Structure formats: structure tokens, C-alpha cells
Amino acid sequence: MRYKIMTITVVALLCVAVILGFMIFIVSTNQGGIAGNNTPVPTSEATPDGGIETSVPTEPPTEEPTPTPEPPLAGMIIGIDPGHQKKMNGGKEPCAPWGPEANSKANNTVMKTKTSSGTQGKFTNQPEYIVTLDISLKLKAKLEALGATVVMTRETHDVDLSNIDRANICNEAGCDVTLRIHCNGADKESVNGVEAWIRGVGDGTKEYKELGEYEKQLAEELLRYYVNSTGAVNRGVKTSDDYTGLNWSTVPSIIIECGFMSNEEEDNKLASAEYQQQIADGIANWLLNTKVLKQAEQE
Ligand SMILES: [Zn+2]
């Protein structure tokens, strides 16, 4: 009986050993097989002429890196002159660079105040120089985000810049257009809306006249986008020989009188960040869509 039990045990152990051995054999064979199947082997095919054509696995085609698109206003140089400053400069400077022989109200013997104090909100009491800089800084941020180069005549209130200085900054930078940001005032409180001012007859030369005609087209186009964004009344484009800043500009230059600080509704709007942003957006929309403004690189 005891021998029988031992025999059965030995047979059972032998069976287990055989099964284990078989399993180890199977597993090791499979691993070898898998490794072998994974090795890339060039496939060979008989070509019609009897030769052997070997196709070598090729690298996937590398895609050309897509170039970053140019920002929409890249290449434009925009001058922004926030009107006035904290302290006016009562000194005088010649209103225009040309002499009295030109058939113009302005010439180099007509002296005008270097920087006037500007107007003031009749209801908000905000001085014009604060509102013009607030609008200008929003416009600068917007235009720079769109890729334009922005030339500011001032970014603080504490400056001493005459109107000739302001024109020269933008002339020397070769601005495609200079925007002179101002606010209006009138005796009659009901008067409201936006208007643009451009140069007048000037020195009477053909070049000066052509520059004025170009500014007129620019300003008319600008006002359309301005009123579309702000809902302001469009008072149109006006010409004058009285503005020193325009007369000394050798680049296209537009005064934008953004609204009347003597009108209660417009005074409140002009002092609000939301409306200031609408002004900046309207001007930016104009530059994005202008058909008149020649871009610097096309000239
Ligand atoms: Zn002004």
C-alpha cells in the first residue's frame, strides 16, 4: 500500500514536470518567433525582367513647416498724436513752413501758440489732454496687436511738445498716416458728432494739393468706420490752413475731433473706457479694411 502511494506520487510529479517542461518550451519558442516577426525584412519581388527589386522602407514624408501668417497690419507705420498736454506752452512758433508769397492764411510770419490748453468736459470736468491720451493708448495697443508699428508723440501728460515738434516726430518716422486725436467743444450744448480736419491750400504746390486730396479720401474712409463702431454723428471732413500740426506735416495727417465735450451725452461717453475702446476699434477696422491707404512697402 505504501509503495503504491509513492508510485502514484512519483508518476504525478513526473507528469507535472513533463507538462511544465512542455509549457516552458512553447513559451520560449513563441518569444523567439515574435522577435523574428518584428524584424523589418526588405521585401523582395521578382521584377518582370527577372531581376530582384528591393523596396526599402522609406521615411514618412516630412511636411514643410507652415509659416506663421503675417499680422494684418504688418508694415504699416501709424503716427498717433494725443492732443495737448498737462501744461500748455504759450510760446509762439510759425504756423506754417512756407512764406507769405503763398496764397494761404498761414505762413512762416503767422505765429501761433506752441501748445494750447485744449478744452474740458463741461459735465465730467475731464481735461481734453487726459481723454485724448486714454483714447490714443487704447488705439496704440489695438494697432500693435494687429502688427502695426505705432509712433506716439507722447505717452504721458508731463511733456512739453509744440505742434511743430509733434509733426516732426511723425515726419521723421515716415508714418503712413498721422492721427491727431482731439476732442471738440462748442457753445451750443446740443452740437455733437465726430469730424476730421485736413490741410488746406498750403503752399499752393501741386504736391501739397495732391497730399491734401489723398488725406481727404483717407479721412472720409476713416470716418465711415469710426461712426460704424461708435454710432456717433458723422460731421464730415473739413479743411483748414490754421493748424500748425497739419501745415508742418510732410506725411498724410488727419485731426480726428472725437466728439464734443460740451455735449452731455458725448462728454460722458468720451470719458468712458468702453466708448474709448469703440473709437480705437473703429479706427483699427478702418486700417484693416482701407482701400485708400497705401502701405509702406507698396510705395
Ligand atoms: Zn484739441
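Notes on the structure in this doc start here. A quick note: this is a predicted structure, and the numbers were derived from the prediction, not measured. (Residues numbered from 1 in each chain as written. Predicted model: local features only at pLDDT ≥ 70, side-chain atom pairs only at ≥ 80, totals over all residues. Heavy atoms only, no water.)

**Comments concerning the overall build of the protein**
So, point 1. Helix and strand counts for the protein stand at seven helices and 10 strands.
So, point 2. Out of the 299 residues belonging to the protein, those deemed buried represent 39%.
So, point 3. Of the contacts formed within the protein by residues at least 6 apart in sequence, a portion of 76% connects residues at least 24 apart.
So, point 4. For the protein, the computed accessible surface area is about 16,900 Å², with 56% contributed by carbon and sulfur atoms. (Helix = DSSP H or I, 4+ residues; strand = E, 2+ residues; numbered from the N terminus. Buried < 20%, exposed > 50% of the residue type's maximum accessible area, 1.4 Å probe, protein only. Contact = heavy atoms within 4.5 Å. Areas by Shrake-Rupley, 256 points an atom, 1.4 Å probe, with all protein chains shown as cover.)

**Some remarks on the coordination of the zinc ion**
So, point 1. The protein atoms donating to the zinc ion are His84 (NE2), Glu128 (OE) and His182 (ND1), with metal-donor distances spanning 2.1 Å.
So, point 2. Classification of His182 by relative accessible area gives buried; the value is 14%. (Donors = N, O, S within 2.8 Å, 3.2 Å for Na, K, Ca; no water.)

**A few points about helix 3 (residues 163-172)**
At 3.6 residues per turn, the α-helix brings residues three or four places apart onto the same side.
So, point 1. Where helix 3 is concerned, the buried positions are Ile164, Arg166, Ala167, Cys170 and Asn171. Down the axis of helix 3, the smallest arc covering the buried residues is 160 degrees, so these residues share one side.
So, point 2. Its side-chain oxygen 3.3 Å from the backbone nitrogen of Ile164, Ser162 forms the N-cap of helix 3.
So, point 3. Count one or two residues on from helix 3 and you reach Gly174, which has phi positive near 65 degrees. (Arc of directions from axis to C-beta. Polar contact = N/O pair within 3.5 Å; in protein donor to acceptor, adjacent residues only side chain to side chain.)

**A short note on the layout of surface pockets**
So, point 1. Roughly 400 Å³ of internal volume is contained in the largest pocket.
So, point 2. Lining the largest pocket are 22 residues, with His84, Ser116, Asn163, His182 and Tyr243 sitting closest to its centre.
So, point 3. A per-element tally of the lining of the largest pocket places strand 7 (residues 177-184) first, with four residues.
So, point 4. Its residues placed into classes, the lining of the largest pocket shows three nonpolar, 12 polar and seven charged. (1 Å grid on protein atoms, 1.4 Å probe; cavity = no way out; pocket = protein on both sides within 12 Å on 5 of 7 lines; lining within 4 Å. Points joined across faces, edges and corners; volume = space filled by probe spheres on them. Nonpolar A, V, L, I, M, F, W, Y, C, P; charged D, E, K, R; others polar.)

**Things to note about the packing of aromatic side chains**
So, point 1. In the structure shown here, the tally under the stated rule is two aromatic pairs.
So, point 2. With 5.3 Å between their ring centres and 80 degrees between their planes, Trp98 and Tyr208 make a pair best called edge-to-face. Of this pair, Trp98 sits in the loop between strand 4 (89-94) and strand 5 (111-115) while Tyr208 sits in helix 4 (residues 206-230), and the two are 110 residues apart along the sequence.
So, point 3. We classify Trp98 as buried; its relative accessible area is 7%.
So, point 4. Its guanidinium or amino end placed over the ring of Tyr208, Arg199 lies 4.9 Å from that ring's centre, counting from NZ or CZ. (Phe/Tyr/Trp six-rings, centres within 6.5 Å; stacked < 30°, edge-to-face > 60°. Lys NZ or Arg CZ within 6 Å of the ring centre and 35° of its normal.)

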